[in-house]
Every structure is written in structure tokens, then in C-alpha cells.
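# Geometric and topological summary
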Amino acid sequence: MATNKAWKVEQSESCKSTVNPLRALTDTQQITNPSLSVINLSIGDPTIYGNFKTHEYVNQVLADQITTFKYNGYAPSIGYEDARKAVAELYTAPEAPLTSKDIILANGASGALEIAIMSLCNPGDNMLIPLPAFSLYECIAASAHIDVLRYKLLPEKNWEADIEHMKSLINSKTKCILVNNPSNPCGSVYTAAHLKEILAVADEYKIPIIADEIYADMTFSGYPFHMMAHLTSSVPIISVGGISKRYLVPGWRLGWIIVQDKNNILKDVTIGMTKRSQLILGPNTLVQSILPRILKETPQEFYDQTNTTLAEHSKFTYEKISAIHGLKPVLAQGAIARCV
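Residues numbered from 1 in each chain as written. Predicted model: local features only at pLDDT ≥ 70, side-chain atom pairs only at ≥ 80, totals over all residues. Heavy atoms only, no water.

## Quick word on the layout of surface pockets
As a reminder of what qualifies: Whether a set of points on the 1 Å grid over the protein atoms alone is a cavity depends on a 1.4 Å probe fitting there but being unable to get out, while an open set qualifies as a pocket with protein on both sides within 12 Å along at least five of seven lines; lining residues are those with an atom within 4 Å of a point. Grid points are joined across faces, edges and corners, and a volume is the space filled by probe spheres set on the points. The way it works is that DSSP assigns letters per residue, a run of H or I at least four long becomes a helix, a run of E at least two long becomes a strand, and they are numbered from the N terminus. Throughout, the ten residues Ala, Val, Leu, Ile, Met, Phe, Trp, Tyr, Cys and Pro are labelled nonpolar, Asp, Glu, Lys and Arg are labelled charged, and all others, Gly among them, are labelled polar.
What the second largest pocket holds in volume is close to 220 Å³. Considering the residues around the second largest pocket, the lining is formed by 16 residues, among which N107, G111, E114, I115 and I280 are closest to the centre. Those elements that place two or more of their residues in the lining of the second largest pocket are β1 (103-106), α5 (108-120) and α9 (267-277). It is α5 that contributes the most residues to the lining of the second largest pocket, 5 residues altogether. Looking at the lining of the second largest pocket residue by residue, the class counts come to 7 nonpolar, 6 polar and 3 charged.

## Let's talk about the nonpolar core
As a reminder of what qualifies: Here the nonpolar core consists of buried residues drawn from Ala, Val, Leu, Ile, Met, Phe, Trp, Tyr and Cys, with membership extended through side-chain atoms lying within 4.5 Å. The cut-offs for exposure are 20% and 50% of the maximum accessible area for each residue type, with area from a 1.4 Å probe on protein chains only; residues under the lower value are buried, those over the upper are exposed, and the others partly exposed.
The biggest cluster of nonpolar side chains holds 71 residues, and the ones touching the most others in it are V87, M127, I210, I243, Y247, W256 and L291. Counting residues in hydrophobic clusters, the runner-up holds 27 residues, among them I170, C186, L199 and A202.

## Section: the sheet that holds strand β6 (residues 209-212)
Basically, it comes down to this: Pairing between strands is defined by DSSP: at least two bridges between the two strands are required.
In spatial order, the strands read β1-β8-β7-β6-β5-β2-β3-β4; together these 8 strands make up an open sheet with mixed pairing. Edge strands, defined here as strands with exactly one partner in the open sheet, are β1 and β4 (160-161). Note that strand β2 (residues 126-131) and strand β3 (residues 147-154) share 6 bridges and pair parallel. Pairing of I129 across the sheet is with R150, part of β3.

## What to know about the pairing of strand β8 (residues 255-260)
The buried count for β8 comes to 6 of 6 residues, which makes it a mostly enclosed element. Side chains of β8 alternate between two faces, with G255, I257 and V259 and W256, I258 and Q260 buried alike. Note: β1 against β8, 4 bridges, orientation antiparallel. Its bridge partner being in β8, L105 is matched across the sheet by W256. Judged from the 6 bridges that link them, strand β7 (residues 237-242) and β8 form a sheet pairing that is antiparallel. Its bridge partner lying in β8, V240 is registered against I257.

This is the structure we're talking about:
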């Protein structure tokens, strides 16, 4: 029977809650100046102006793999076994041994973060994130009606976490603490001693940590990177990483989750993360197929040169911004973003 009902089709509540302010800006904004060449500083893509390129070996391995026709189909949702094994071998340590079973591959580090957050938190729960922080953390949480509580970072202490403020935020609904080291947007690299302070909080309150370590080893001279899982025997760590930054290929969309869980605390959560990975049937299979080779065979000088160039650019930026009245930058220790 015909009705006079009008059409009304709206986006879901999840979509209404999904706002990524950084992407909303960079995906739509056109910045022009008739007399000046404009450099957009608002997106963490090292390749966008062509001055940072991946190593020619990485490109060649991918090109060679395309012609084999072996990797045009689906892989297991958690990733190929040899690709996961390669990640495990890269990050295993005597104090934190890993196997391929501890690795889940994802659609970039962003996809890995989504899997980790959604596997730990329910609507109405909360998670602790740094302030300032990468905008995607809140975007993922808000889309699932997960609250974020922001613990302060202290610019006068090279953006270390305010430990007492962090502790004051924790309540019965807190399901994880997210730690970003090296930091985006601050450019800080935490000492082992400071990471142990954060781990002590997690241990005291029995809260797992999501360690966003996408900038692992992208640090400057004198500021070594310390993997959080290598510093604890009790706190379960979900470490997030990928190839986008270190290999300068953010568009290739291959990241990973490393479950560092010496006491089997995250057994059920790991099952959940595996289920979550099955939503999109895993990341790009061609890129997965070359992961063992690029992790093991890319020349060390490529990494060294990238970090040296970033350090030089960071110093230049720091000096120029310091000369501007009213602005006070903090000299970066790693990564590609800077905070003023």
C-alpha cells in the first residue's frame, strides 16, 4: 500500500561521531598564494614533496614480485606466515622473545591501532592518550563511543608524560594507556628511565599499554629508541609499527601489531584482535610478500641517511622558529613532526 512517507536516510551514529580533524583539513583544503610558493606543514607524509624517497632496492623488489603473479590473491587475514615471522625476528630480544604467532599484520599502523583499541575497549569505556597527540587516537575512539582522557605532556621536560596527572585520570572504566614514542607531534624520544615510570603506573593499576612505535629507530644521534616491551616483565604491551615512515612508503599501507605478553594476560584480547583483522581480510598482499626481504636486506646507510637528513631539517626548523617573536619550539629528538 502506498504511503505519503518522505525519504529520510541519515548517516549512522558511528559516522556522526567519526571526525579526524587532520584529514578533514588535508583532504579538502586548497592553500594558494599568488605570489609565494606554499609549503603545507600539516600532514606527516615524508614523500609528498619528493625530497624523501624509499631505497631503490625496495622499489625493485616490489616490481620484481609483481611479475611472479603469486601474490594477487587473498592472504590469511592476520598476514602471511613468512611476513609475520620477519617482523618477529626483527624485534625479538632475550628479555622479550617473539614468534610469528605474536604478530598480526594490518592496513598500516592506523589499521593496527584501530584493531588494538577496538579489541580492548567497549562503548562507555575510556583510554588514556597523551596531550598533545596524533588526532587518529581520538577519532578511532569516538567512532566507537569510547571516551579519551588526556594525560599532559610537559614541554619543559622534552614532552615527558606528567606521571601524577596520568595516575589521577585512571578509573574503573580505563582499559588501556596509549604511549606514543617516538612522538608525533612532539618529536620527543623517551629515555628508558621515563618509560619505566609509565610502566610502573600500568603495573600498579593493572592496565595494558598500547605502544604506538611507528617511528621506532627514527631517532637522532644521542637519543636511542627503547621498545617498551623490552623494559618490563609484567605489563602486557600491544606494540604498533609498520613500514610507512621508516621506509618512506606511507601509501603502501602495511603495519603490524606485536603482542608482547609474557604472562598470557592478553590471551582473550589476542583472539579478539584476530577476529577484528578478518573485517578487511588483511593488508596488501604484494607488499606483505616483500616484507622479509626489505626488513633484512635494505642497506643500513638508507636508514642512517634518512635520520641524518631529518635531524638537519629539525635543527634548521628549530632555529628559524626560535627567531620568531612569541614562538618557543622544543628541539626534536626524533620522528618527523615538531611541536611549538
